[in-house]
Amino acid sequence: MESNGEPPTCSNALKPSGTVWQSLNTVAPQTGSPAPRAGEEPPMKIEITDDFMYLHDSNKIIATATQRADDWWWEVSHWPRLFDRSQAITALTITELRCCGRDENDPLPLALREELR
């Protein structure tokens, strides 16, 4: 980038970035549901308390995570094993992504599943 003696500002220093950005292809596949528009609620939410978590949409509970009374492990519905608290949140997030249309080969759910190993 050539300088005409002006100090770099957002308008003149980043101008070449726009050209590069417009020429790039999408890095990741655009699958799943779109983000909510301004003023809209997301299609699903994960509510978290000290000993209970649940994934829900406006009509029903889709999945739950409950802390076991005798220890710190969490049982997550639709998952065949116990998790720690962070893993339980990750499992609910994967469930949400799958419910929103992302398939099992989508890079995001695949990466999150690796966190559960």
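Please read these numbers as outputs of a predicted model, since none were measured by experiment.

1. So, the confidence of the model for the protein
Scored by pLDDT, the protein comes out at a mean of 78, with 64% of its residues at no less than 70. Scored below 50 in pLDDT, residues 9-30 makes 8 contacts in the model with residues more than four places away or belonging to other chains.

2. With respect to the state of the cysteines
Counted by the stated rule, this structure contains 0 disulfides. Cys99 forms no disulfide, and the closest cysteine sulfur to it belongs to Cys100, at a distance of 6.8 Å.

3. What about the packing of aromatic side chains?
Scanning all chains against the criterion turns up 3 aromatic pairs. Between Phe52 and Tyr54, the ring centres sit 5.7 Å apart and the planes meet at 35 degrees, which makes this aromatic pair tilted. Where Trp79 meets Phe83, the ring centres are 5.8 Å apart and the plane angle is 75 degrees; that geometry is what we call edge-to-face. For the pair formed by Trp79 and Phe83, the shared burial category is buried.

4. Topic: the environment of Glu104
Here Glu104 shows up in the loop between α3 (85-99) and α4 (107-115). Between the alpha carbons of Glu104 and Ile94 there is a distance of 9.6 Å; along the sequence they are 10 residues apart. Apart from residues lying up to four places away in sequence, Glu104 is in contact with Arg98 and Leu110.

Parameters at a glance
- Residues numbered from 1 in each chain as written.
- Predicted model: local features only at pLDDT ≥ 70, side-chain atom pairs only at ≥ 80, totals over all residues.
- Heavy atoms only, no water.
- pLDDT = per-residue confidence, 0-100.
- Contact = heavy atoms within 4.5 Å.
- Disulfide = S-S within 2.5 Å.
- Phe/Tyr/Trp six-rings, centres within 6.5 Å; stacked < 30°, edge-to-face > 60°.
- Buried < 20%, exposed > 50% of the residue type's maximum accessible area, 1.4 Å probe, protein only.
- Helix = DSSP H or I, 4+ residues; strand = E, 2+ residues; numbered from the N terminus.

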